[in-house]
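Residue-level structural notes
Now for the letters of each chain:
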Amino acid sequence: MPVLTSPTAATSTIGQSFTYTPTFTNSPTSITATGLPAGLSIDSATGVISGTPTTGGTYTVSLSATNAVGTNIISLTIRVDLAQTVTFGALANKTYGDAPFTVSATASSGLAPSFSIVSGPATISGSTVTITGAGTVVLSAAQAGNATYAAATPVQQSFTVAANATFTGYYFTTLAGVASVNGATDGTGSAARFNSLSGVAVDRDGNVYVADLDNHTIRKVTSAGVVTTLAGSAGQSGSTDGTGSAARFNGPHGVAVDDAGNVYVSELANHTIRKVTSVGVVSTLAGSAGLSGSTDGAGSAARFNSPRSVAVDGSGDVYVADSGNHTIRKVTSAGVVSTLAGSAGISGSTNGTGGAARFDYPSSVAVDGARNVYVAEANNNTIRKVTSSGVVTTLAGLAGSSGSANGTGSSARFNFPFGVAVDRDGNVYVADYFNHTIRKVTSAGVVTTQGGLAGTSGSADGAGSAARFQYPRGMAVDGVGNIYVADAANSTIRKGLFATAPVLSSPTAMAAGVGQAFTYTPTYLGAFVSFSATVSGGANAAR
């Protein structure tokens, strides 16, 4: 008897043409069917079922295939889905630097459509679009269907992103690491891995040093994004002095680098200040591993209580945010420790001189060329300034009041400011932890938001408010004004390039074939009036 060898299930959609062609062994001479959906019929000679179904549902069809030996009855399932369409309206044009925005579409089925970027300088998460450059962006809205509805035909819409000729500010990129992927791997750019980043510092050559908190290591990132481990061994905590991977750290939290390339480390769990030379030789500058306290003194006689941050001035003096003691400490290059401001164990927000001033969980310090120390005060939600003689004032924010408002002095608001850096002009940059933003405070106390959108976390690169951060913790600024961010929850190092001149935002690598047409259309952040190009490589530079 005939035996069906083709699939015994088929799917169709109401109102759409359908054909099912069965195949058999033992050549049937006639084929009939019962239970077909309305709108379908069978060719008794070939067994082909075709037509346009008019009713939905799941149908069990009995195929009777007959030859000289007999008749075989086969059960065939035909599912007829309901049709659906997607409505996706036109999109407004944008300007590069605009904030992320949401798109919407509907499906006639009532099911929720999904969105994707077909092409162009943008990314999408759910229905939120983040612009990453100038050009034309094409989006697609689709609905995949379910047990009742067939997949809808996707609908595309496009919009144009104009270059922002007036934009001045920071364009943020990812220098190293991959968002939300932890690890300890050395490598270049996205091949490298970090684990709960904390402090960050940058030297005069553009090398970035990182306190890799949960890896218990100090990492180095070149300006090209090449990551190596300067000292410590990933996953191995301790307090051993030594060279490179023989040394041990326990919760390295803050880093600073001097003009000779020596890196200073505040160790949260060891309660010590460590020094790492440019070749990875680690020594303990002050404090004694595992012993907390507030004693001033020299070397191992001094005590700290959960020191979270360090800064170093041009003379080699190190300043410490001694968080657990609510004080700002100073350590000379010889390891002599004194208390610059605050009183150990007494928290508060009082301005004053030396021991009369009060802090509440100072989380980060930075020092300028005049030896003024700037303090990010997490619990008070303020930025404080301490002169070299210990006079403390509040530069911006209001103690006890959190928020995200830009403004001047006490009218500005922060939400757990965690990291701080200062440039050569006295501008202070703040990693505003719970706001997921990067703030700037001028020497006059004027606060603006330079990167990210208050209350919105993420990992997107982009200009100004189009960029996204996730609990930024560490800050650094180089000699030309570029800023660096330890993006803690993303486990990435971000770089903010100040865009006063055109900045290329399109890909920097592309491929072409010999004898084939090639076009590269660059997109830029900022205005430009002309450009030129030089070429290296050539006929002998083939891969």
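See above for the structure.
We now turn to the structure provided with this report. This is a predicted model, so every value here is computed, not measured.

All right, on to the packing of aromatic side chains then. Evaluation of the coordinates by the stated rule reveals 13 aromatic pairs. Measuring from ring centre to ring centre gives 6.1 Å for Tyr 170 and Phe 172, while their planes differ by 35°; the resulting arrangement is tilted. The exposure classification of Tyr 170 matches that of Phe 172, with both residues buried. When the ring of Phe 172 is compared with that of Phe 469, the centres are 5.1 Å apart and the planes differ by 90°; the resulting orientation is edge-to-face. Residue Phe 172 is located in strand β19 (residues 170-176), and its partner Phe 469 is located in the loop between β45 (462-463) and β46 (472-477); the two are separated by 297 residues in the primary sequence. Residue Phe 172 shares its accessibility class with Phe 469, and that shared class is buried. Positioned above the aromatic ring of Phe 101 is the side chain of Lys 94, whose terminal nitrogen or guanidinium carbon lies 4.3 Å from the ring centre. For Arg 473, the ring lying beneath its charged end belongs to Phe 418, and the centroid distance is 5.8 Å.

Counted according to the given criterion, the structure contains 14 salt bridges. Of the charged contacts, one joins Asp 81 and Arg 79 as a salt bridge, the two residues approaching to 2.7 Å between their closest N and O atoms. For Asp 186, the salt bridge is made with Arg 219, and the minimal N-O distance between the two is 2.9 Å. Of the two residues, Asp 186 sits in the loop between β19 and β20 (187-188) while Arg 219 sits in strand β23 (residues 217-221), which places them 33 residues apart along the sequence. Its relative accessible area of 0% is what places Arg 219 among the buried residues. A network of salt bridges, in which partner residues are shared, links Asp 186, Asp 212 and Arg 219.

A few words on a nonpolar patch on the surface. Judged by side-chain polarity, Met 510, Phe 518 and Tyr 520 come together as a nonpolar surface patch covering roughly 290 Å² of accessible area. Among the secondary structure elements, Phe 518 is positioned in the loop between β49 (503-504) and β50 (524-525).

What counts and what doesn't
Residues numbered from 1 in each chain as written. Predicted model: local features only at pLDDT ≥ 70, side-chain atom pairs only at ≥ 80, totals over all residues. Heavy atoms only, no water. Phe/Tyr/Trp six-rings, centres within 6.5 Å; stacked < 30°, edge-to-face > 60°. Buried < 20%, exposed > 50% of the residue type's maximum accessible area, 1.4 Å probe, protein only. Helix = DSSP H or I, 4+ residues; strand = E, 2+ residues; numbered from the N terminus. Lys NZ or Arg CZ within 6 Å of the ring centre and 35° of its normal. Salt bridge = Lys/Arg side-chain N within 4 Å of Asp/Glu carboxyl O. Patch = residues over 30% accessible without salt bridge, like charges linked within 9 Å, V, L, I, M, F, W, Y side chains within 5 Å. Areas by Shrake-Rupley, 256 points an atom, 1.4 Å probe, with all protein chains shown as cover.

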